[in-house]
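Close look at the chain arrangement
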Amino acid sequence: MDARNRDVWKRSLRTNDKSQIPSFQAYPKYSYNYGVANALTGDVKSQAEHRDGDLVKGQYSLVEPDGTLRVVDYTADAINGFNAVVSKHGHAVHPAPAVAHVGYVHGK
C-alpha cells in the first residue's frame, strides 16, 4: 500500500467513512498455459489453468522417467474442495540393469 492509500485508509477509519477505503478483493479471473519440450534433457511437460471466481479448473502433464505420460485433471471450488484425477498413458520401459562381473582369481 502506497502512502496516499495509507493516508486515505487512516482518515476513513478516524471519520468512520468507509466509502474511500480501497477494495483489495478484486474478482479473481485468469487463464494461463505453458509447455516445455527439451529434446536435450528429455523434459516434457505442460500445464493449463482457468479460474473464474471460486472455480478453478486445470490440467498438467509430464513424461515420467519410464516413458509414460502422467496427466492430472483437477478442479477446485468452495463446495467440493480440491479434486484431482490422475491417469497414466503408454507402457513403462525399464532398461535392463547393467551387470558387471567383478571377480578376483587368486594366483593369476
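Below you will find a few notes about this structure. Values in this document were obtained by computation on a predicted structure and should not be read as measured data.

**What about the overall build of the chain?**
- From N to C terminus, the chain includes 1 helix and 5 strands.
- Its helices and strands in sequence order give the chain the pattern α-β-β-β-β-β, from N to C terminus.
- The buried share among the 108 residues of the chain stands at 14%.
- Considering only contacts within the chain whose residues lie at least 6 apart along the sequence, 12% involve residues at least 24 apart.
- Accessible surface, the chain: about 9,000 Å² in total, of which carbon and sulfur atoms supply 56%.

**With respect to the pairing of strand β1 (residues 29-38)**
- In terms of burial, β1 is a largely surface element, 0 of the 10 residues being buried.
- The turn joining β1 and strand β2 (residues 43-52), which pair antiparallel and follow one another in sequence, is formed by 4 residues; a positive phi near 80° is taken by Gly42.

**Description of the pattern of salt bridges**
- Tallied over the entire structure, the rule returns 2 salt bridges.
- A salt bridge links Lys45 to Asp43, with the shortest nitrogen-to-oxygen separation between them at 3.5 Å.
- Where Arg70 meets Glu64, a salt bridge forms, and the shortest distance between an N and an O atom there is 2.6 Å.

**What to know about the sheet that holds strand β3 (residues 55-63)**
- Overall, antiparallel pairing links the 5 strands, which are arranged β1-β2-β3-β4-β5 in an open sheet. Looking at the sheet topology across the chains shown, the edges are occupied by β1 and β5 (81-89). Looking at each pair of strands side by side, their axes are set apart by 10° on average, direction ignored.
- Examined bridge by bridge, β1 and β2 share 10 bridges and lie antiparallel to one another. Its bridge partner lying in β2, Tyr34 is registered against Gln47.

What counts and what doesn't
- Residues numbered from 1 in each chain as written.
- Predicted model: local features only at pLDDT ≥ 70, side-chain atom pairs only at ≥ 80, totals over all residues.
- Heavy atoms only, no water.
- Helix = DSSP H or I, 4+ residues; strand = E, 2+ residues; numbered from the N terminus.
- Buried < 20%, exposed > 50% of the residue type's maximum accessible area, 1.4 Å probe, protein only.
- Contact = heavy atoms within 4.5 Å.
- Areas by Shrake-Rupley, 256 points an atom, 1.4 Å probe, with all protein chains shown as cover.
- Pairing = 2+ DSSP bridges.
- Salt bridge = Lys/Arg side-chain N within 4 Å of Asp/Glu carboxyl O.
- Axes fitted to C-alpha atoms, helices over the stretch in contact; angles between N-to-C directions.

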